[in-house]
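Here's the letter readout for the chains.
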Amino acid sequence: MSRFKRGGKTDSLSGFRADTQPTVPAGLLKAARKSGQLNLTGRGLTEVPQNVYRLNIDTPEEANQNLSFGGSDRWWEQTDLVKLLLASNQLTTLSEDIRLLPGLTTLDLHDNQLSTLPSSLEELKQLQQLRLSHNQLSVLPVEVCSLKNLHTLTLQKNLLETLPEELGQLDNLTELDLSNNCLVTIPSTLGHLICLQRLDLSHNRLTSLPDSLAQLASVKQLDCSNNQLNDMPASLSQMSSLEQLFLRHNKLCHLPKLQAPNLKELYVGNNQIEGLEEEQLASLVAISLLELRDNKIKILPDRITLLSTLTRIDLTNNDIAILPASLSLLPNLKTLMLEGNPLRGIRRDLLTKSTSELLKYLRGRIREEPGKVDEVPTAMTLPSQARVNTHNIGVLKRLDYSEKQAQDVPDELFDAAAGEAITTINFSKNQLATLPSRLVMFQSSVSELNLGFNRLTCCSPEICMLLQLTHLDFRNNKLDELPSDMKNLTRLRSVVLSSNRFKYFPDVLYQVVSLETVLLSDNQVGGIDPCRLRQLVNLSTLDLSNNDLLNIPPELGLCTNLRCLSLQGNPFRAPRAAIVAKGTDAVLEYLRSRIPT
């Protein structure tokens, strides 16, 4: 008998049935017995075929037809199903027979029409990933809360109004997405999820957050955007691992006072903030990115200089009339966004120039105003003529040889830093054509490296030895590729490659899963791989503006971790400029709507 005819039994009543249920090809089931994985995504299923539930217990058909122990199929060595993907179907219910698949570690049911879940779900004790987003669940069954091995639970885009107190029992959970529901409150037991690293509560109806969230000491990213919050509990300062906090589109009237020691990015755009108080600014001890756009801020205080670690601040669409000259004394500020403010006393053409030009102008104003500079605390340094700043090296652990227009870095600088645990290196704005070979002296300590505004044409593989790197800046060079061993930089969180000569998204970056920020604007990038990009689960900021992208793949919309996606200045026709102007959420939603079904 032909192997094609053995795929399934003939249904003698099929001609009399009003409708027939889509079936799973026998070949697919056979492959699933070998691999332990079954992908039934997008097959138009209105219910899960019974032979899927019984995959582990029914004797495979080939066992009755091939009794030879020399056969290549070796059906008796079948693997229990561990991964079942049922996404993007038309399922309205899931059978209690799901209990027949107790070995499942991944169950993906997103994008269906489920309004209930079977109680037998609690028997899937090995389950680690449960994806239930884009369904019609109004209640989360308490049985789900007994799945103690769950690492990932995604429930976005459902109809949830409340959550069971038992949710706090999922103490191995690392990712919880509750966005786009109808939640008015969240249970205090959520604070028991001590392993949680990512919590998304955005697009709900929350008016307050429980103090118990302070117990979430492992959370790195918290998104509470698009709610009705008018304040944040001060106890959240105890979230010692928090790095990114999203509070856009709420009802905040002032900047939260959060002394979270590792908070690097704070997004509070589209609120009702009217002023910035010194106490609030002083609490942001590690802030790198501060988004304050679309608020009602009228005055920037001189003590903005307290934000010494700030590299990017967005003040677009506020009511700021005067810029304090002290803004120019922020030592790390690279990007200042001011569009849409009624600024006075500053030439309009200056506002269209680069941030560095604007800061240079403001520094000039300080020199014109006697005594102003004395109001701002500055670190003691050696005279500007000195080639070696021993204070920077010995106290700040910073090696700085920037803005010298030099073709190489003098050996005396490296000699002076020998034996020091240098953490920050800035060799920007020179004429360097190659990476200084002595950088490897600091491979066990350096975490930030700035080589922007040089003449680098290639990136030496030696950079891959700097295993502690978290931030790498190569902007404004002549690079067109990166070394493949950069995949070993497992701590790298941000990489700046703007204004280079890249014609594609650097292949190696798809393998650096720790990345949170990739800036690739002003290159010649002609395409991206959204499937590989989705593997960068920590990526929240991606700048691809001013490149050569002729089309944007719809699958990019599935990169739901992205909080800031910049695509303007590319020659694509869709999405239209009007959609791009609405921001990241609108672009991603549009792209998802274009995915073929």
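Residues numbered from 1 in each chain as written. Predicted model: local features only at pLDDT ≥ 70, side-chain atom pairs only at ≥ 80, totals over all residues. Heavy atoms only, no water.

Please clarify how the overall build of the chain should be interpreted in this entry.
Along its length, the chain carries 11 helices and 21 strands. Residues counted as buried form 48% of the 597 residues belonging to the chain. Considering only residue pairs separated by 6 or more positions, the chain has 36% of its internal contacts joining residues 24 or more positions apart. On the chain, roughly 28100 Å² of surface is accessible, and the fraction owed to carbon and sulfur atoms is 47%. (Helix = DSSP H or I, 4+ residues; strand = E, 2+ residues; numbered from the N terminus. Buried < 20%, exposed > 50% of the residue type's maximum accessible area, 1.4 Å probe, protein only. Contact = heavy atoms within 4.5 Å. Areas by Shrake-Rupley, 256 points an atom, 1.4 Å probe, with all protein chains shown as cover.)

Whenever I open this one, helix α1 (residues 26-35) confuses me. Can you help?
In an α-helix, one full turn covers 3.6 residues, which means residues spaced three or four apart are oriented alike. Along α1, the residues that are buried comprise Leu29, Ala32 and Arg33. Seen along its axis, α1 keeps its buried residues to an arc of 100 degrees; they face one direction. Exposed side chains of α1 directed beyond 90 degrees from the buried face belong to Gly27 and Lys34. (Arc of directions from axis to C-beta.)

Would you mind going over the environment of Phe505 with me for this structure?
Looking at the secondary structure, you find Phe505 in the loop between β18 (494-496) and β19 (517-519). Here the alpha-carbon distance between Phe505 and Glu481, two residues 24 residues apart in the chain, equals 9.0 Å. Apart from the residues lying within four places of it in its own chain, the contact partners of Phe505 are Tyr510, Val518, Leu520, Val525, Gly527, Ile528, Leu533 and Leu542.

What is the right way to look at the packing of aromatic side chains in this model?
Pairs of aromatic rings are described using the distance from one ring centre to the other and the angle between the two planes. Following the criterion strictly, the structure yields 4 aromatic pairs and no others. Measuring from ring centre to ring centre gives 4.4 Å for Phe246 and Tyr267, while their planes differ by 10 degrees; the resulting arrangement is stacked. With Phe246 in strand β9 (residues 244-246) and Tyr267 in strand β10 (residues 265-267), this pair connects stretches of sequence that are 21 residues apart. The same class applies to Phe246 as to Tyr267, namely buried. Here the aromatic rings of Phe414 and Phe427 are separated by 6.0 Å at their centres, their planes lie at 80 degrees, and the arrangement is edge-to-face. In this pair, Phe414 is assigned in helix α8 (residues 411-417) and Phe427 in the loop between β15 (424-426) and β16 (448-450), connecting sequence segments 13 residues apart. For Phe414, a relative accessible area of 2% translates into the label buried. Over the aromatic face of Tyr401 sits the side chain of Lys404, whose NZ or CZ is 5.6 Å from the ring centroid. One cation-aromatic arrangement involves Arg563 over Phe246; the distance from NZ or CZ to the ring centre is 5.5 Å. (Phe/Tyr/Trp six-rings, centres within 6.5 Å; stacked < 30°, edge-to-face > 60°. Lys NZ or Arg CZ within 6 Å of the ring centre and 35° of its normal.)

Just checking my understanding: could you explain the sheet that holds strand β14 (residues 398-400) for this structure?
Across a sheet, paired strands are connected by hydrogen bonds in the backbone, their directions being either parallel or antiparallel. The strand order across the open sheet formed by 8 strands is β14-β15-β16-β17-β18-β19-β20-β21, and the pairing between neighbours is parallel. Each edge of the sheet is formed by a strand with only one pairing partner; in this case those strands are β14 and β21 (564-566). The sheet shows a mean angle of 5 degrees between the axes of neighbouring strands, taken without regard to direction. Here β18 pairs with β19 via 3 bridges, running parallel. Within β19, the residue paired with Val496 across the bridge is Leu519. (Pairing = 2+ DSSP bridges. Axes fitted to C-alpha atoms, helices over the stretch in contact; angles between N-to-C directions.)

How should I be thinking about the pattern of salt bridges in this particular structure?
Once their charged atoms are close, side chains differing in charge can pair, the charge on each being opposite to the other. Applying the stated rule across the entire model yields 16 salt bridges. Notably, a salt bridge pairs Asp200 with Arg563, separated by 3.0 Å at the nearest N-O pair. Remark: Arg563 occurs in the loop between β20 (541-543) and β21 and Asp200 occurs in strand β7 (residues 198-200); sequence separation between them is 363 residues. The class of Asp200 is buried, set by a relative accessible area of 4%. The partner of Asp411 in a salt bridge is Arg438, and the shortest N-O contact between them spans 3.3 Å. Remark: Arg438 occurs in the loop between β15 and β16 and Asp411 occurs in helix α8; sequence separation between them is 27 residues. (Salt bridge = Lys/Arg side-chain N within 4 Å of Asp/Glu carboxyl O.)

Teacher, can you tell me more about the environment of Gln113 here?
Here Gln113 is to be found in the loop between β3 (106-108) and β4 (129-131). For the pair formed by Gln113 and Thr93, sequence separation is 20 residues and the distance between their alpha carbons is 7.9 Å. In contact with Gln113, not counting residues within four places along its chain, are Gln90, Leu91, Thr92, Asn135 and Gln136.

Is there a simple way to explain helix α11 (residues 584-593) in this structure?
For α11, the complete set of buried residues consists of Thr584, Val587, Leu588, Tyr590 and Leu591. What you see down the axis of α11 is that its buried residues fit within an arc of 160 degrees, all on one side.

I would appreciate a short explanation of the side chain of Asn477 in the present structure.
Tracing the backbone shows Asn477 in the loop between β17 (471-473) and β18. Within the structure, the side chain of Asn477 is placed 3.2 Å from the backbone oxygen of Arg475, a separation counted as a polar contact. With residues near it in sequence (within four places) discarded, Asn477 still touches Leu451, Gly452, Phe453, Asn454, Arg455, Leu456, Ser499 and Asn500. (Polar contact = N/O pair within 3.5 Å; in protein donor to acceptor, adjacent residues only side chain to side chain.)

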